[in-house]
Amino acid sequence: SNFDFILAGYVLSEQVALSYAVGEWARVWPLEELFKSFGSYFVRRNFREPLYHLVLEKYVQLLTRKAGKQAIFIEGGLSRDGRFREPKIGLLDYIVKVKRDPAFARDLVFVPVGINFDRVLEDVFLLGEKKGQQERRGLIARLASLGSVLWNLGRSLAGNAYRYLTGAVLRHGYAAVCFGEPVSFDRRMAERGGTVGGLSDNDRRARVKEFADLLMKKIGAVLPVTPVPLAAT
């Protein structure tokens, strides 16, 4: 869900500040200002300009060298059936490449995080997609969608304000976050017989892909089960 950023940031707000890699979809008001307040940076995933990717790589590595806590989503896109998709390793590879610098002696530690909801913002759209409804494109469709969002947002805020004042607030289910045991990249590489420092690009990316698969298994192991999907299943 697009709410993952806010939920994880809220849970950890008094313990650690996270820097998120956010897609360009969030570069709209007020989401852009909200994510910037979280310390997020925006990623143009389909932009092929080499200079852009070089600058992004150096920025991610600067955060890593300064021991910045980064939150990245490696699951490779929104799932339609609940199963994990193939992980995307681009940002993970950027982070790992700092190990090529002999002066960088610290370990890279990753904490698997499992997030689940009883209800997600995309439910209506995913149900429509399952029924064969196509996403409408074009300026008119976007304006109609924006009008619908604003109308429903206003109606929801008014309804919730009324319920709050009358003591009849309704719950829409649980939102749960679970954290797994930290995973040491250095220890994993030592188990595989070495480091990534002297590997070719292809060999390094193969190791990073193996590590990403391991992280996905760790995430799956701590993914919380909430009541509504359990009952639906």
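Because the structure is predicted, anything quoted here is derived from the model rather than measured. (Residues numbered from 1 in each chain as written. Predicted model: local features only at pLDDT ≥ 70, side-chain atom pairs only at ≥ 80, totals over all residues. Heavy atoms only, no water.)

**Student:** Could you give an account of the side chain of Arg-207, naming the residues involved and the relevant values?
**Tutor:** Tracing the backbone shows Arg-207 in helix H8 (residues 201–222). Buried within the structure, Arg-207 lacks any salt-bridge partner; its nearest side chain of opposite charge belongs to Glu-210, at an N-O separation of 4.9 Å. Those residues within four positions of Arg-207 in sequence are excluded, and the remaining contacts are Met-189, Arg-192, Thr-195 and Leu-199. (Helix = DSSP H or I, 4+ residues; strand = E, 2+ residues; numbered from the N terminus. Buried < 20%, exposed > 50% of the residue type's maximum accessible area, 1.4 Å probe, protein only. Lys, Arg positive; Asp, Glu negative; His and termini not counted. Salt bridge = Lys/Arg side-chain N within 4 Å of Asp/Glu carboxyl O. Contact = heavy atoms within 4.5 Å.)

**Student:** Tell me about the packing of aromatic side chains, and please be specific about residues and values.
**Tutor:** Here the structure, examined in full by the defined rule, presents four aromatic pairs. Centroid distance Tyr-41 to Tyr-59: 5.3 Å. Interplanar angle 70°. Geometry classified as edge-to-face. In this pair, Tyr-41 is assigned in strand S2 (residues 41–43) and Tyr-59 in helix H3 (residues 50–65), connecting sequence segments 18 residues apart. What makes Tyr-59 partly exposed here is its relative accessible area of 36%. When the centroid spacing of 5.5 Å and the interplanar angle of 80° are considered together, the rings of Phe-47 and Tyr-52 count as edge-to-face. When its relative accessible area of 30% is taken as the criterion, Phe-47 is described as partly exposed. (Phe/Tyr/Trp six-rings, centres within 6.5 Å; stacked < 30°, edge-to-face > 60°.)

**Student:** Give me the lowdown on the pairing of strand S1 (residues 19–23), citing residues and values where you can.
**Tutor:** Counted residue by residue, S1 has five buried out of five residues, so it is predominantly covered. Where S1 lies against strand S3 (residues 70–71), two bridges are found, and the strand directions are parallel. In the strand pairing of S3, Ser-19 is matched with Gln-70. Pairing geometry for S1 and S2, over three bridges, is parallel. Counted as the bridge partner of Val-22 is Phe-42 from S2. For the segment spanning S1, helix H2 (residues 31–37) and S2, crossover handedness is right-handed. (Pairing = 2+ DSSP bridges. Right-handed = clockwise from strand over helix to strand, strands pointing away.)

**Student:** Quick one: what's the story with the sheet that holds S3, residue by residue and with numbers?
**Tutor:** One open sheet holds the three strands; their spatial order is S2-S1-S3, and the pairing between them is parallel. In this open sheet, the two strands that pair with only one neighbour each are S2 and S3. On top of the sheet, H3 reaches S1, S2 and S3; it is set at about 145° to S2, its chief contact. (Axes fitted to C-alpha atoms, helices over the stretch in contact; angles between N-to-C directions.)

**Student:** Give me the lowdown on the environment of Val-111, citing residues and values where you can.
**Tutor:** By the secondary structure assignment, Val-111 is in the loop between strand S4 (109–110) and strand S5 (113–117). Taking the C-alpha atoms as reference, Val-111 lies 8.6 Å from Leu-215; in sequence the two are 104 residues apart. Setting aside chain neighbours within four positions, we find Val-111 in contact with Phe-179, Gly-180 and Pro-182.

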